[in-house]
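Here is what each chain is made of, one letter per residue.
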Amino acid sequence: MKTIAKTSIQLLIILALFITSCKKDKAVTNSNTSSIKTTISNLRVLLNEEGRRIVDDAMDYDYSVGVIDNPNYGKFGLDPAYDVYLGGATPNDIKISLNGTEYAAQSNGQWAKNGIEFKNYFGTKVKINISDSKNSQAYEVYVPTHALAKKLGMPQSQYINRTGNVLTWTPDPLNKTGKVALYYHLCTGDNGDTWFANNVLLLDDNGSFSLDDVLSDTKTTKINFMLITGNVVSFITKDNKKLICFIRSCDSHEYFIQ
């Protein structure tokens, strides 16, 4: 299998380039933090400058907020405004400006806003300003386009063969890391109801990847996966806490193996 890195779901939590608030993320526990940091150190040498910057910004954060877009099977919903939203939790004095439009936390520090306008940030350079009652910082980052994987198998079926499944998407030549992330978990049992393995693969953003190796274990009866792109910046609050602000897309798929 040709990948740049193969690691655990916990690493997905750290790599905010590809994640933060994906639907099936799990929290990092204190017991595995040291091993995660070791993995990150090894990973940094394999990434380009932008990839290393993203890893450093995403490490050890206290708060997160950002734009989250959730296509499924390579398509947006009938009302795309409900796919994408601004969400997270921060101190209640945090304000964020995206290309000049300012957003603020609710009085309890929660963020929750749907809006079709958030889709405009993908495939563009986005000017971000983050501030609290004491500090302010401006950034400009490129957010890769959505990596939308075409549905596998027959149009109205969730069943696929064990071999011959190639993910295809439109690559983004401006993607500064040159990578997209594939998070998957594998299930077994007649109904695919027992989860037995998961992984994260960093793939070249070249528009094609075969799942044959991923599905080679014959006990696999179901796969769930997400193809993920995005970007992130970090901000130090007046209380010396680290806040990350991200924009990311997470294309989700589920298939049974026949």
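Residues numbered from 1 in each chain as written. Predicted model: local features only at pLDDT ≥ 70, side-chain atom pairs only at ≥ 80, totals over all residues. Heavy atoms only, no water.

1. Examining the pattern of salt bridges
So, point 1. Scanning the model with the defined rule gives seven salt bridges in all.
So, point 2. A salt bridge links aspartate 204 to lysine 179, with the nearest nitrogen and oxygen atoms 2.3 Å apart. Here lysine 179 lies in strand β11 (residues 179-188) and aspartate 204 lies in strand β12 (residues 194-204), a separation of 25 residues in the sequence.
So, point 3. Looking at aspartate 204, the relative accessible area reads 35%, which means it is partly exposed.
So, point 4. If you follow the salt bridges from partner to partner, you end up with Glu50, Arg53 and Asp57 in one network. (Salt bridge = Lys/Arg side-chain N within 4 Å of Asp/Glu carboxyl O. Helix = DSSP H or I, 4+ residues; strand = E, 2+ residues; numbered from the N terminus. Buried < 20%, exposed > 50% of the residue type's maximum accessible area, 1.4 Å probe, protein only.)

2. Description of unusual backbone geometry
So, point 1. For aspartate 60, which is not a glycine, the phi torsion comes out positive at approximately 55 degrees.
So, point 2. Examined against the element boundaries, aspartate 60 turns out to sit in the loop between α3 (49-58) and β2 (63-69).
So, point 3. On the basis of relative accessible area, aspartate 60 is assigned to the partly exposed category, the value being 46%.
So, point 4. Within the chain, asparagine 99 stands out as a residue other than glycine whose phi angle is a positive 50 degrees.
So, point 5. Along the polypeptide, asparagine 99 turns up in the loop between β4 (95-98) and β5 (101-104).

3. Let's talk about the nonpolar core
So, point 1. Core analysis: the largest hydrophobic core is formed by 24 residues, its most contacted members being Val67, Ile96, Leu98, Trp111, Tyr121, Ile128 and Ile130.
So, point 2. With near-sequence residues (within four places) excluded, tyrosine 121 lies in contact with Val67, Leu98, Asn99, Tyr103, Val126, Val143 and Ile247.
So, point 3. Judged by nonpolar contacts, the second largest core, of 21 residues, contains Ala149, Leu203, Leu215 and Phe225. (Core = buried A, V, L, I, M, F, W, Y, C linked by side-chain atoms within 4.5 Å. Contact = heavy atoms within 4.5 Å.)

4. Some thoughts on the packing of aromatic side chains
So, point 1. Using the criterion set out here, one finds five aromatic pairs in the structure.
So, point 2. Seen in terms of ring centroids, tyrosine 73 and tyrosine 255 are 5.7 Å apart; in terms of plane orientation they differ by 80 degrees. Their pairing is edge-to-face. Here tyrosine 255 lies in strand β15 (residues 242-257) and tyrosine 73 lies in the loop between β2 and β3 (84-89), a separation of 182 residues in the sequence.
So, point 3. We classify tyrosine 73 as partly exposed; its relative accessible area is 25%.
So, point 4. Three or more aromatic residues link up through ring pairs in this structure, and these residues are Tyr73, Phe225 and Tyr255.
So, point 5. Directly above the aromatic system of phenylalanine 76 lies the positively charged group of lysine 119, at a separation of 3.6 Å from the ring centroid. (Phe/Tyr/Trp six-rings, centres within 6.5 Å; stacked < 30°, edge-to-face > 60°. Lys NZ or Arg CZ within 6 Å of the ring centre and 35° of its normal.)

5. Looking at the confidence of the model for the protein chain
So, point 1. Residues at a pLDDT of 70 or more form 82% of the protein chain, whose mean pLDDT is 84.
So, point 2. Least confident of the elements in the protein chain is strand β1 (residues 5-7), whose mean pLDDT is 36; most confident is strand β7 (residues 124-131), at 98.
So, point 3. Note that pLDDT drops below 50 for residues 1-38; the model gives that stretch 102 contacts with residues more than four away or on any other chain. (pLDDT = per-residue confidence, 0-100.)

6. Some words on the sheet that holds β4
So, point 1. Taken together, the four strands give an open sheet; going across it, the order is β5-β4-β7-β8, and neighbouring strands pair in antiparallel fashion. The outermost strands of the open sheet, each flanked by one partner alone, are β5 and β8 (136-143). The mean inter-strand angle of the sheet, taken between neighbouring strand axes irrespective of direction, is 20 degrees.
So, point 2. Note that β4 and β5 share four bridges and pair antiparallel. Paired with serine 97 across the bridge in β5 is glutamate 102. (Pairing = 2+ DSSP bridges. Axes fitted to C-alpha atoms, helices over the stretch in contact; angles between N-to-C directions.)

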